[in-house]
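Architecture at a glance
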Amino acid sequence: MSESVCPYCRMPFDEAAPPKIFCTACGMPHHEDCYRENGGCTVFGCKCAPADDPKLQVSQSDLSAIPVTAQPYAPVPQPYVAPQYRPSAYGGPLGLSQAAAVAPAPTSAPYAPAGYQPYASPLGFERSRKSRTTYIVLGIFLGALGVHNFYAGYVGRAVGQLCLTVLTLGYVGIVSWIWAIIEICIVEKDSTGLNFS
């Protein structure tokens, strides 16, 4: 059955086809022109099979001969833009008629190291830091309801503590309160990553 077709061209052997030739190593029949075109036997691993194509080899000297212009990475400094007060339609911040002066944006702080940028929100104003004292007081008195976590921005924890207290009608509220006491002892940053002031 294996001799019914040529393994190179997949054509059957018959009288009209070119003459058949047998590989001297493995005995596989081929058409004579297929054997010559392939350069030997088509059976994988046969010692009469043609040699593989030569592999491309690149040496270190070949690589170093190519000139490469490397550009060092330099971050582009972004200037800090201070928040600016814009008077409302009612005049001043308290509804008064006087106009507030708009302070010019400082280009850099004299005490800040090079590249220092204070945290600014995407809206362009600087975030104020949350008070640690407020966080502790809320945790002590309203910790079972998760108010301290709402204040710090940890909404998931706050909802968990609130649900734990409210859904059990206060019976498991002591667990939420102990949870809050542990949090006020170990949490030092709000949900945005800023340290408490």
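The structure we're discussing is the one just above.
Rules used in this analysis
Residues numbered from 1 in each chain as written. Predicted model: local features only at pLDDT ≥ 70, side-chain atom pairs only at ≥ 80, totals over all residues. Heavy atoms only, no water. Helix = DSSP H or I, 4+ residues; strand = E, 2+ residues; numbered from the N terminus. Buried < 20%, exposed > 50% of the residue type's maximum accessible area, 1.4 Å probe, protein only. Contact = heavy atoms within 4.5 Å. Areas by Shrake-Rupley, 256 points an atom, 1.4 Å probe, with all protein chains shown as cover. Salt bridge = Lys/Arg side-chain N within 4 Å of Asp/Glu carboxyl O. Expected span 1.5 Å × (residues − 1). Arc of directions from axis to C-beta. Core = buried A, V, L, I, M, F, W, Y, C linked by side-chain atoms within 4.5 Å. Axes fitted to C-alpha atoms, helices over the stretch in contact; angles between N-to-C directions. Parallel < 35°, antiparallel > 145°, perpendicular 65-115°, else oblique. Left-handed = near helix turned anticlockwise from the far one by under 90°. Nonpolar A, V, L, I, M, F, W, Y, C, P; charged D, E, K, R; others polar. Phe/Tyr/Trp six-rings, centres within 6.5 Å; stacked < 30°, edge-to-face > 60°. Lys NZ or Arg CZ within 6 Å of the ring centre and 35° of its normal.

Attention now moves to the overall build of the chain. Each helix and strand counted, the chain has six helices and two strands in total. The burial tally for the chain puts 21% of its 197 residues in the buried class. For the chain, restricting intrachain contacts to residue pairs at least 6 apart in sequence, the fraction spanning at least 24 positions comes to 39%. Split by element, the accessible area of the chain, about 14,700 Å² in all, is 63% carbon and sulfur.

Scanning the model with the defined rule gives two salt bridges in all. Between E32 and R36 there is a salt bridge, and its shortest N-O distance comes to 3.7 Å. In this pair, E32 and R36 both sit in helix α1 (residues 32–38), four residues apart, roughly one turn of the helix. E32 sits in the partly exposed class, given a relative accessible area of 31%.

Time to look at helix α5 (residues 155–166). With twelve residues, α5 ought to run about 16 Å at 1.5 Å a step, and its terminal C-alpha atoms sit 16 Å apart, in line with that. Those residues of α5 lying buried are A158, Q161 and T165. Taken down its axis, α5 places every buried residue within 65° of arc, on the same side.

Moving on, we get to unusual backbone geometry. Residue R10 is not a glycine yet carries a positive backbone phi of 60°. Note on placement: R10 falls in the segment before β1 (20–22). Judged by relative accessible area, R10 falls into the exposed class, the value being 59%. Here L169, not a glycine, exhibits a phi torsion of approximately 55°, which is positive. Positionally, L169 belongs in the loop between α5 and α6 (173–186).

What follows covers the nonpolar core. Core analysis: the largest hydrophobic core is formed by six residues, namely Y135, A152, Y154, I184, V187 and F196. Residues in contact with V187, not counting those within four places in the same chain, are R132, Y135, Y154, R157 and F196.

Time to look at the packing of helix α3 (residues 132–142) against α6. Interaxial distance between α3 and α6 falls to 9 Å at its minimum, and their mutual angle equals 165°. Taken as axis vectors, α3 and α6 run roughly antiparallel relative to one another. The way α3 lies across α6 gives a crossing that is left-handed. Contacts from R132, Y135, I136, G139 and I140 of α3 reach α6 at W177, A180, I181, E183, I184 and C185. The residue inventory of the contact of α3 with α6, partitioned by class, reads eight nonpolar, one polar and two charged.

Taken as a whole, this structure holds one aromatic pair when the rule is applied. Measuring from ring centre to ring centre gives 4.8 Å for Y135 and F196, while their planes differ by 25°; the resulting arrangement is stacked. Of this pair, Y135 sits in helix α3 while F196 sits in the segment after α6, and the two are 61 residues apart along the sequence. Of the residues examined, F196 reaches a relative accessible area of 11% and is grouped as buried. Positioned above the aromatic ring of Y154 is the side chain of R157, whose terminal nitrogen or guanidinium carbon lies 4.2 Å from the ring centre.

Look at α5 against α6: their axes get within 7 Å of each other, and the N-to-C directions meet at 150°. Relative to α6, the element α5 lies roughly antiparallel. Like other packed secondary-structure pairs, α5 and α6 cross with a definite hand, here left-handed. Residues R157, G160, Q161, L164 and T165 of α5 touch α6, and the partners they reach there are G173, V175, S176, W179, A180 and E183. Considering only residue class, the contact of α5 with α6 consists of four nonpolar, five polar and two charged.

Note that all results are geometric; they support no functional claim without further evidence.
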